[in-house]
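Observations on the model geometry
Residues per chain, in single letters:
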Amino acid sequence: MQPRKFFPFGSLLTVGLLLFSLAAAPLKTIRALDVDPPYVVAILLGADENPTNKSSVEFWVYFNETVTGVNAADFTLTTSGVIGAAITRVGGSGRSYWVVVNTGSGNGTIRLDLSAAAVIQDLAGNPIVPGGYTGGETYTVDKIPPEVYLDELKGLPEDKHIQDWGFYLAYITAFEIHFSEDMKNPLGNLYLEDVTNPYNYMLIQPGPDGYFDTLSCDGGRKKDDVSLSTGPVVYKRHGGTGPFTAEVTVNNGIPLSRGIYRLFICGTTTLQDRAGNAINGGGDVTVTFTIGDTSLLPATGFAPGKVTAVDSASARTAYASLGDLWLEIPSLGVRASIVGVPGTAQGWDTLWLGNQVGWLEGTAFPSWEGNAVLTAHVYGYDGRPGPFVHLNQLAYGDWVILHVYGQEYVFTVRTSRQVRPEDTAFAFEHLEGGPYLTLITCQGYDAANDTYLYRRVVRLAPAGSR
Ligand SMILES: [Ca+2]
Ligand SMILES: [Ca+2]
Ligand SMILES: [Ca+2]
Ligand SMILES: [Ca+2]
């Protein structure tokens, strides 16, 4: 058992009187001796959110001793960029005071200063040290939402620029996303607003019904849509000066197979800049694209000498006019305009090419760096010969001229191969170091099965090159 503590009333009174006299004595002495003016020790940010997007912020003002007479007129704001910032309230007592500041509009910086004209005094009536105080901390105000630079969106590892509604023949295992500014990146990847949180990126396929039912990151995957895995995410800020990029691995690093995809970069769940502004003003950024089928070379042949019934109910494929772009093969007497054949997840529809040459979308644009693949019929559905009926007669060194907006690009034949339709590696070969042309048509009509057994693939390099 603890002994009960016991203080007689008289003792308490004695202690109280003693404390009172100790407190009163020095107070009296200091008041009598205080001839030192008070001064500001520090002006600090009242919140650890800096940069901030708040409409009002707080500063804390510390004096070296108890002061009186502190009010809004004693302070001024030093700003850059922001417009209309103003002191709205002042409170506090003793040595510490708080000052609330409306951040106005626009982006910039705000610092709270003690005015040189401040009227503040200590308890002895000494006025504050003249000259004011301008050594305080500064808020950075940022109210502009971060953006995704879609011009910089890349499919990795091939560095393919991914455009909305684009079509690609590419291995894609990750995306490189460029932001307009430094993004919020807390330690780890669990916070909702963390740029490295994989949940801020969704990769969706439409599923069996063929429609994208998923509307937003916030709403999540919907109905029969298929969600592919995202993450890990690697964020780079390059020492804080940018570029600011997130590399998002998708599908566990397995190349995306043919099909249509929609990438969601989440503003609704929510990527933020360091001041807390949601990306795209709080809306998702989406990019829809197709990975093409390169499992078969395009079919460009009908039965020679007879009309093949084609499904007239099926819509004619709309080929893109590429402007003043045409192909000339002097040795074969070919002069044909070039149109763009849209790529789909099922390949390219060359049915309606007629006497035109088709550029297969997804391959390099003719005359640009890379491998441009052009195709034309050996025989059209009307049974008449197409532009490439004699393609197999092209031999090493023969000329082909690409006419692009009045410019002539001369190519010479390097190789000519007969390949199986499913042997696509050579035709779609990745080539660098200049523009290359690959011409493809059907070859080897098998009347018994009304099909072509082979493809003819002719590779050309710029004349004068090796
Ligand atoms: Ca004083
Ligand atoms: Ca911002
Ligand atoms: Ca993080
Ligand atoms: Ca769906």
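In this text, all values refer to a predicted model and were calculated from it rather than measured experimentally. (Residues numbered from 1 in each chain as written. Chains lettered and ligands numbered in written order. Predicted model: local features only at pLDDT ≥ 70, side-chain atom pairs only at ≥ 80, totals over all residues.)

Right, let's talk about the sheet that holds strand S11 (residues 160-161) for a bit. The strand order across the open sheet formed by five strands is S11-S10-S13-S17-S16, and the pairing between neighbours is antiparallel. The sheet terminates laterally at S11 and strand S16 (230-236), the two strands that pair on one side only. (Pairing = 2+ DSSP bridges. Helix = DSSP H or I, 4+ residues; strand = E, 2+ residues; numbered from the N terminus.)

Moving on, we get to the environment of Gly132. By the element assignment, Gly132 lies in the loop between strand S8 (121-122) and strand S9 (138-141). Sequence-wise, Gly132 and Leu114 are 18 residues apart; in three dimensions their C-alpha atoms are separated by 4.8 Å. Residues in contact with Gly132, not counting those within four places in the same chain, are Asp113, Leu114, Ser115, Ala116 and Ala118. (Contact = placed C-beta atoms within 7 Å.)

Moving on to the pairing of strand S17 (residues 244-250). Within S17, five of the seven residues are buried, which leaves the element mostly enclosed by the surrounding structure. By the bridge criterion, six bridges tie strand S13 (residues 172-179) to S17 in an arrangement that is antiparallel. Within S17, the residue paired with Ile177 across the bridge is Ala246. As paired strands, S16 and S17 are joined by five bridges and run antiparallel to one another. Counted as the bridge partner of Lys236 is Thr245 from S17. (Buried ≥ 20, exposed ≤ 12 C-beta atoms within 10 Å, placed from the backbone.)

All right, on to the nonpolar core then. Ranked by internal contacts, the top residues of the largest apolar core, which has 41 residues, are Leu327, Leu374 and Leu437. Broken down by secondary-structure element, the contributors of at least two residues to this core are strand S20 (320-329), strand S21 (334-341), strand S24 (357-360), strand S25 (370-375), strand S26 (399-404), strand S27 (407-419), strand S28 (435-446) and strand S29 (451-462). Among all residues touching Leu437, those that are not within four sequence positions of it are Pro366, Ala372, Leu374, Val400, Leu402, Phe411 and Leu460. (Core = buried A, V, L, I, M, F, W, Y, C linked by C-beta atoms within 7 Å.)

Right, let's talk about the confidence of the model for the chain for a bit. The predicted model of the chain has a mean per-residue pLDDT of 89, with 91% of residues at 70 or higher. Confidence, expressed as mean pLDDT per element, reaches its minimum in the chain at helix H1 (residues 9-33) with 51 and its maximum at S17 with 98. Across residues 1-22, confidence stays below pLDDT 50; counting only partners more than four residues off in sequence or on other chains, it has one contact. (pLDDT = per-residue confidence, 0-100.)

This part is about the environment of Met202. By secondary structure assignment, the location of Met202 is in strand S14 (residues 201-205). The residues touching Met202, leaving out its near neighbours within four places in the chain, are Cys217, Ser227, Thr230, Phe264 and Cys266.

Moving on: the sheet that holds S9. Whenever strands of a sheet pair, they do so through backbone hydrogen bonds, lying parallel or antiparallel. The strand order across the open sheet formed by three strands is S4-S7-S9, and the pairing between neighbours is antiparallel. This sheet does not close on itself; its edge strands, each paired only once, are strand S4 (75-80) and S9. The mean inter-strand angle of the sheet, taken between neighbouring strand axes irrespective of direction, is 25 degrees. By the bridge criterion, six bridges tie S4 to strand S7 (residues 108-114) in an arrangement that is antiparallel. Paired with Thr79 across the two strands is Ile110, which belongs to S7. (Axes fitted to C-alpha atoms, helices over the stretch in contact; angles between N-to-C directions.)

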